[in-house]
Amino acid sequence: MHEIIITGASRGFGRHVASQLAKPGRHLHLISRSKSEETVSEIRNKGAEASIWTMDLSITEKLEETFLPLLHSISSRNPEAIGLINNAGTIEPVGPLGKYDTADYRNHLELNYVAPALLAHLFVKRFQKLPVKKRIFFVGSGASQRPIHGWSHYCSSKAGIDMLAKTIALEQDTREHPVETAVFNPGRIETDMQETIRNKSKEDFPLVDDFVASASDGRNLPPEQVAEKMARIFLSDSFPHGEIVGR
Ligand SMILES: NC(=O)c1ccc[n+]([C@@H]2O[C@H](COP(=O)([O-])OP(=O)(O)OC[C@H]3O[C@@H](n4cnc5c(N)ncnc54)[C@H](OP(=O)(O)O)[C@@H]3O)[C@@H](O)[C@H]2O)c1
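Thoughts on unusual backbone geometry
For the peptide bond that leads from Glu92 to Pro93, omega is 0 degrees, which places it in the cis range. Tracing the backbone shows Pro93 in the loop between β4 (81-86) and α4 (102-127). At Asn78, a residue that is not glycine, the phi angle is positive and equals roughly 45 degrees. On the basis of neighbour count, Asn78 is assigned to the exposed category, with 10 C-beta atoms found within 10 Å.

Right under this line is the structure:
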């Protein structure tokens, strides 16, 4: 069985990635705060197995405790291949640094950077010696490459993800049974996150008009279309280990 963990699979992009990966012979482990019931029935209808792991990834001091039972359950099933897709993320808070509560910025950093970094660490620690195909695919953003007014924590947490993946790849190159790792930048996709962005004020987010326009001028792609590409790359024989790839 190919065991695949996907964070943020209850809705948005992650839900579509899970749906694209749902095939017999695969077991998808879905992590989010809500129950992901609709995603689960879609996956099972396509012949794959699905397990729901309800957890708040922003509570990172509890992450090891909540994630280890999932890793243990994968180990006990003698997997043929194992994957981790770090997709869950948030854009909030949007606005100039200094405006919102410290807790809001902390929550952002915990979810967008600390959680994927710790999940990757726990995954590598648990499975390093296992002689099977192992992959960690991070969902990144074009925002990692350029500063965007109002997105200080989003741009910087996604830049951190890029460097995390590249560094893991470098280290894994010398291992006997390496974990392959890469980042996928989906570009603008029509999910709740885009709607959140469009509802921001110009004061908090000067580029808001461009994001309102991109919802109707063809620049925002449907999540299912981009998820199909990400799933194809994730399963490919030529996985772009150490690279940041776009849609
Ligand atoms: N949308 C875009 O245009 C775009 C562009 C570039 C990159 N991205 C990236 O793509 C990824 C997915 O974004 P999206 O647009 O699909 O966002 P979304 O529609 O807001 O969905 C976010 C997902 O993450 C989960 N999540 C949020 N907070 C969580 C928490 N504390 N613990 C566990 N799960 C949590 C949500 O489930 P629950 O609420 O049930 O927990 C949901 O399944 C993100 O990494 C984002 O940065 C998006």
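Observations concerning the site of the ligand
Within the structure, the ligand sits among 27 residues, and Gly8, Gly12, Arg33, Ser34 and Gly89 are positioned closest to it. Of all the secondary-structure elements, those providing two or more residues to the shell around the ligand are α1 (12-21) and α6 (192-198). Looking at side-chain class alone, the shell around the ligand contains nine nonpolar, 13 polar and five charged residues.

Side note on the environment of Ile233
As for its placement among the helices and strands, Ile233 is situated in helix α8 (residues 223-235). In sequence terms Ile233 and Val245 are twelve residues apart; their C-alpha atoms lie 9.3 Å from each other. With residues up to four places along the chain from it excluded, the contact list for Ile233 reads Phe184, Phe239, Pro240 and Val245.

Overview of the sheet that holds strand β1 (residues 2-7)
On the basis of which strands lie adjacent, the open sheet formed by seven strands has the order β3-β2-β1-β4-β5-β6-β7 and parallel pairing. Looking along the sheet, the strands with just one partner apiece sit at the ends: β3 (49-54) and β7 (244-246). Across the sheet, the mean angle from the axis of one strand to that of its neighbour is 20 degrees, orientation sign disregarded. Of the strand pairs in this sheet, strand β5 (residues 133-139) and strand β6 (residues 180-185) are connected by five bridges, and their pairing is parallel. By the bridge assignment for β6, Phe137 is matched with Ala182. Most of the contacts of α4 go to β4, to which it runs at about 170 degrees, and overall it touches β4 and β5.

Focus: the pairing of β1
β1 sits mainly inside the fold: five of its six residues count as buried. In this fold, β1 hands off to α1, which returns the chain to strand β2 (residues 26-32); that crossover is right-handed.

Conventions used here
- Numbers given to residues run from 1 along each chain, matching the order in which its sequence is written.
- Only residues with pLDDT of at least 70 get local features here, since the model is predicted, and only at 80 or more are side-chain atom pairs given and counted; chain-wide, interface and lining totals rely on the full set of residues.
- Only runs of H or I of at least four residues qualify as helices and only runs of E of at least two qualify as strands under DSSP, and these elements are numbered from the N terminus.
- We call a residue exposed when 12 or fewer other C-beta atoms sit within 10 Å of its C-beta, buried when the count reaches 20 or more, and partly exposed for counts in between; the C-beta positions come from the backbone.
- Any residue whose C-beta atom, as set from the backbone, lies within 6 Å of a molecule or strand is reported as near that molecule or strand.
- For this classification, Asp, Glu, Lys and Arg are treated as charged, while Ala, Val, Leu, Ile, Met, Phe, Trp, Tyr, Cys and Pro are nonpolar and the rest, including Gly, are polar.
- Residues are treated as contacting if the C-beta atoms built from their backbones sit within 7 Å of each other.
- Any two strands with at least two DSSP-identified bridges between them are counted as paired.
- To get an axis, fit a line to the C-alpha atoms, keeping to the stretch in contact for a helix; angles then go from 0 to 180 degrees between the N-to-C directions.
- Consider the strands pointing away from the viewer: the crossover is right-handed when the path from the first strand over the helix to the second runs clockwise.

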